[in-house]
Amino acid sequence: MTQTLRPLDGITVLSLEHAIAAPFCTRQLADQGARVIKIERPAVGDFARGYDTRVAGLSSHFVWTNRAKESLALDLKHTEAQPILDALLAEADVLVQNLAPGAAARMGLDFDTLHARYPGLIVCDISGYGEGGPYASKKAYDLLIQSEAGFLSVTGGPAPDALAKAGCSVADIAAGMYAYTSILNALLRGRSGEGSRIEVSMLESLVEWMGYPLYYAYDGAPPPPRAGASHSTIYPYGPFPAGDGGTVMLGLQNEREWQLFCDQVLCRPELATDARFDANAKRSQHRDALRAIIEAAFAELSAAEVIARLDTAQIANAHVNDMAGVWQHPQLAARDAWREVASPSGPLPALLPPGRNSAYTARMAAVPALGEHTDAILAGLGYDAEMLATLRERGTI
């Protein structure tokens, strides 16, 4: 059967990328059919290749963010690289870069210079803090942005020294997703052939995600307290231990659920009208006392028994999975969510992109080796074997 066209088939993306934010963005584009040419330094490549060796000798970060791309090993500092870059830009629809602040402009890859030569090109610049302002030239890593954006101030335990970072790269992911959706918007707008510049900062991306705690603390009001894995302002909402050593995550949203929880889960219906607990604000205020009651009730039950009671009462709940539990998650298996992609280390599992479309299937293609597509890409630009050998001898590729 002929594969239905994907929405970005025919779109070419050139990316000067490293780490997570830009590669995460361009992988989404590749999933939807775009040809993504990833330019990497010869012999070294994207430094995320060296973060670890956890995936059959490959980096976990790199495997996650770089499938379905073509790797071109090209040293942009060599004079012979400029004609190659120019030829690629002439064919590209989108340029994505997250180089160090100012680096792209020094190479003549700022939007004004590029727009004069390639008026239809969409240029997406991803940085830590954005252009201009006192922070423009500061280095920005995910944890630093989590700190600057206030994320750490509301994450972790209540003790002053109990700050906790997110266990995944939330600032990078936020910036990558805003870059991805902004590129889609620009492609729609650019149907007239007009290019545009997209500027995405990690700081602004994560601050957008901080909307609830920001508004909660509006006009000098106290911010939501840090509450570990519990909700800072809704209670009970968080993890609770069961008698068999397991942990159950549960959450209540309204007074109807509170009454069901007291009656069918705790088997103590009188608590529903207890003056300490008969409104969410009161339950949150007296959470230590309520937690002791819940823990005492759950101590008589296994985690499975607690979840069974919660399900019967239609109270939202979840297992507290570790990574092994996620790999084996029955819901992901039932929905056939995993695919197999090739890599330099052999076949690897990969999760289908969220947002499945009934009209087409996402592209699930190989994780590239460093420079794997260099010869093919340059051959497509007219470079023959002798020219490639010369470029390789000079260290350009």
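The sections below set out a description of the structure shown in this document. Not measured: the values here are computed from a predicted model.

Focus on the overall build of the chain
Link 1 in the chain: When you go through the chain residue by residue, the secondary structure sums to 17 helices and eleven strands.
Link 2 in the chain: Over its C-alpha atoms, taken along the principal directions, the chain stretches across nearly 85 × 50 × 40 Å.
Link 3 in the chain: Burial status across the chain gives 44% buried among its 397 residues.
Link 4 in the chain: For the chain, restricting intrachain contacts to residue pairs at least 6 apart in sequence, the fraction spanning at least 24 positions comes to 67%.
Link 5 in the chain: Here the chain has roughly 20,300 Å² of accessible surface; of this, 55% comes from carbon and sulfur atoms.

Structural notes on the layout of surface pockets
Link 1 in the chain: There is about 940 Å³ of room inside the largest pocket.
Link 2 in the chain: Together, 26 residues line the largest pocket, and W64, M323, W327, W338 and L351 are the ones closest to its centre.
Link 3 in the chain: Counting residues per element, the ones that place at least two in the lining of the largest pocket are α1 (21–31), α2 (60–65), α14 (323–327), β10 (338–341) and β11 (348–351).
Link 4 in the chain: Considering only residue class, the lining of the largest pocket consists of 19 nonpolar, five polar and two charged.

Some words on helix α10 (residues 255–265)
For an α-helix, 3.6 residues make a turn, and residues three or four places apart therefore share a direction.
Link 1 in the chain: Within α10 the residues assigned to the buried category are E257, W258, F261, C262 and V265. For α10, the buried positions fall inside an angular range of 135° around the axis, keeping them on one side.
Link 2 in the chain: Next to the buried residues of α10 lie β8 (247–251), α11 (280–285), α12 (287–298) and α13 (303–312).
Link 3 in the chain: A distance of 3.2 Å separates the backbone nitrogen of R256 from a side-chain oxygen at the start of α10, and that oxygen is part of N254.
Link 4 in the chain: Once α10 ends, the next one or two residues include C267, with phi positive near 55°.

Notes on the packing of aromatic side chains
Link 1 in the chain: Tallying each qualifying case throughout the model produces nine aromatic pairs.
Link 2 in the chain: The ring of Y135 has K138 sitting right over it, with the charged end atom 5.5 Å from the ring centre.

Description of the environment of R117
Link 1 in the chain: The topology assignment puts R117 in helix α5 (residues 111–117).
Link 2 in the chain: Polar side-chain contacts of R117 include one of 3.4 Å to the side chain of D86.
Link 3 in the chain: A distance of 3.4 Å separates polar atoms of two side chains, one belonging to R117 and the other to Y118.

Some thoughts on the packing of helix α7 (residues 170–189) against helix α8 (residues 202–209)
Link 1 in the chain: Running from amino to carboxyl end, α7 crosses α8 at an angle of 100°, the nearest separation of the two axes being 8 Å. By the angle between their axes, α7 is roughly perpendicular relative to α8. Taking contact as the criterion, the partners of V170, A171, D172, I173, A174, A175 and Y178 in α7 are, on α8, M202, S205, L206, E208 and W209.
Link 2 in the chain: Here the residues of the contact of α7 with α8 are counted per class, giving nine nonpolar, one polar and two charged.

Quick notes on a nonpolar patch on the surface
Link 1 in the chain: Among the surface-exposed residues, M323, V326 and W327 lie close enough to one another that they form a single nonpolar patch of about 330 Å² accessible area.
Link 2 in the chain: Within the secondary structure, V326 is located in helix α14.

Some remarks on the packing of α1 against α7
Link 1 in the chain: Where α1 meets α7, the axes come as close as 7 Å, and the angle between the chain directions of the two elements is 40°. Taken as axis vectors, α1 and α7 run oblique relative to one another. For the pair α1 and α7, the crossing hand works out as right-handed. Two secondary-structure elements touch here, α1 through A21, F24, C25, Q28 and L29 and α7 through D172, I173, A175, G176, M177, A179, Y180, I183 and L184.

What to know about the pattern of salt bridges
Link 1 in the chain: Within the structure shown, the criterion is met by 19 salt bridges.
Link 2 in the chain: Between R35 and E70 there is a salt bridge, with the nearest N and O atoms lying 2.8 Å from each other. Of the two residues, R35 is situated in strand β2 (residues 35–40) and E70 in strand β3 (residues 70–73); the sequence distance between them amounts to 35 residues.
Link 3 in the chain: R35 sits in the partly exposed class, given a relative accessible area of 29%.
Link 4 in the chain: E70 gets classed as buried once you look at its relative accessible area, which sits at 19%.
Link 5 in the chain: One salt-bridge network, held together by shared partners, links E17, K38, D46 and K69.

Details of the sheet that holds β8
Link 1 in the chain: With respect to topology, three strands assemble into an open sheet ordered β7-β8-β9, the strand pairing being antiparallel. The open sheet is flanked by β7 (237–241) and β9 (316–319), the only strands paired with a single partner. Each adjacent strand pair in this sheet contributes to an overall mean axis angle of 25°, direction not counted.
Link 2 in the chain: Two elements, β8 and β9, share four bridges in a ladder whose sense is antiparallel. When the sheet's bridge partners are listed, V248 is paired in β9 with H319.
Link 3 in the chain: Sitting on the sheet, α12 touches β7 and β8, and the angle it makes with β7 is about 45°.

The rules behind each value
- Residues numbered from 1 in each chain as written.
- Predicted model: local features only at pLDDT ≥ 70, side-chain atom pairs only at ≥ 80, totals over all residues.
- Heavy atoms only, no water.
- Helix = DSSP H or I, 4+ residues; strand = E, 2+ residues; numbered from the N terminus.
- Buried < 20%, exposed > 50% of the residue type's maximum accessible area, 1.4 Å probe, protein only.
- Contact = heavy atoms within 4.5 Å.
- Areas by Shrake-Rupley, 256 points an atom, 1.4 Å probe, with all protein chains shown as cover.
- 1 Å grid on protein atoms, 1.4 Å probe; cavity = no way out; pocket = protein on both sides within 12 Å on 5 of 7 lines; lining within 4 Å.
- Points joined across faces, edges and corners; volume = space filled by probe spheres on them.
- Nonpolar A, V, L, I, M, F, W, Y, C, P; charged D, E, K, R; others polar.
- Arc of directions from axis to C-beta.
- Polar contact = N/O pair within 3.5 Å; in protein donor to acceptor, adjacent residues only side chain to side chain.
- Phe/Tyr/Trp six-rings, centres within 6.5 Å; stacked < 30°, edge-to-face > 60°.
- Lys NZ or Arg CZ within 6 Å of the ring centre and 35° of its normal.
- Axes fitted to C-alpha atoms, helices over the stretch in contact; angles between N-to-C directions.
- Parallel < 35°, antiparallel > 145°, perpendicular 65-115°, else oblique.
- Patch = residues over 30% accessible without salt bridge, like charges linked within 9 Å, V, L, I, M, F, W, Y side chains within 5 Å.
- Salt bridge = Lys/Arg side-chain N within 4 Å of Asp/Glu carboxyl O.
- Left-handed = near helix turned anticlockwise from the far one by under 90°.
- Pairing = 2+ DSSP bridges.

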